[in-house]
Amino acid sequence: LHIYLPRRSRAHREAVEGPTPALDDPRHAAFTEEVKLEPFARALRETAPKVWFTALRATDTAVRAQMDPVSVNPDGLIKVAPLLHWSSKDLYEYCEANGLPNNFDYVDPTKGEDNRECGLH
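Everything in this summary refers to the structure shown in the same document. (Residues numbered from 1 in each chain as written. Predicted model: local features only at pLDDT ≥ 70, side-chain atom pairs only at ≥ 80, totals over all residues. Heavy atoms only, no water.)

### Looking at the sheet that holds strand 1 (residues 51-53)
Reading across from one edge, 1-3-2 is the order of the three strands in this open sheet, with mixed pairing throughout. Sheet topology places strand 1 and strand 2 (70-72) at the edges, where each strand pairs with a single neighbour. Recorded for the sheet is a direction-independent mean angle of 20° between the axes of neighbouring strands. Here strand 2 pairs with strand 3 (residues 78-80) via three bridges, running antiparallel. Within the sheet, the bridge partner assigned to Val72 lies in strand 3 and is Ile78. (Pairing = 2+ DSSP bridges. Helix = DSSP H or I, 4+ residues; strand = E, 2+ residues; numbered from the N terminus. Axes fitted to C-alpha atoms, helices over the stretch in contact; angles between N-to-C directions.)

Here it is as structure tokens:
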């Protein structure tokens with residue numbers, strides 16, 4: 001298992017840049033690039049996977065509702081979204097039945113809003 005993190009720690013970034021910028025702050029795009037997009041791009045570059053499994057769900061955003069469960073990125077990477085058509089109830093029941101933690105209260109600071117895309121998909 002390889003874990004890819006931003007090149008700077010949160011403490012370092014906040015000491016230099018201040019707290020997480022708001023969505024309407026011009027610095028938000030650079031923040032998103034640093035903490036989410038760059039580590040993900042680095043992981044793809046270094047591991048060169050053939051398949052990417054994602055937990056996207058159609059109920060998350062209008063864009064995701066239009067996605068297919070299996071797609072191919074322009075670079076040939078196959079993207080599989082096995083949970084795409086699961087409801088919140090389906091996901092909750094699966095987690096409960098299999099003793100898995102839920103992260104329903106997870107907040108993505110790069111999105112800022114529930115129905116905003118993060119930039120990876």
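### Side note on the packing of aromatic side chains
Using the criterion set out here, one finds two aromatic pairs in the structure. With 4.9 Å between their ring centres and 50° between their planes, Phe40 and Trp52 make a pair best called tilted. Taken together, the residues span a long stretch of sequence, with Phe40 in helix 2 (residues 28-47) and Trp52 in strand 1 at a distance of twelve residues. (Phe/Tyr/Trp six-rings, centres within 6.5 Å; stacked < 30°, edge-to-face > 60°.)

### Structural notes on unusual backbone geometry
Most of the time, phi is negative for any residue but glycine, and the peptide bond is trans. Its identity is not glycine, yet Ala48 carries a phi of approximately 45°, on the positive side. The topology assignment puts Ala48 in the loop between helix 2 and strand 1.

### Let's talk about the pattern of salt bridges
What the rule picks out here adds up to eight salt bridges. One salt bridge in this structure joins Arg8 and Glu17, with 3.5 Å as the shortest N-O distance. Taken together, the shared-partner salt bridges connect Arg7, Glu38 and Arg42 into one network. (Salt bridge = Lys/Arg side-chain N within 4 Å of Asp/Glu carboxyl O.)

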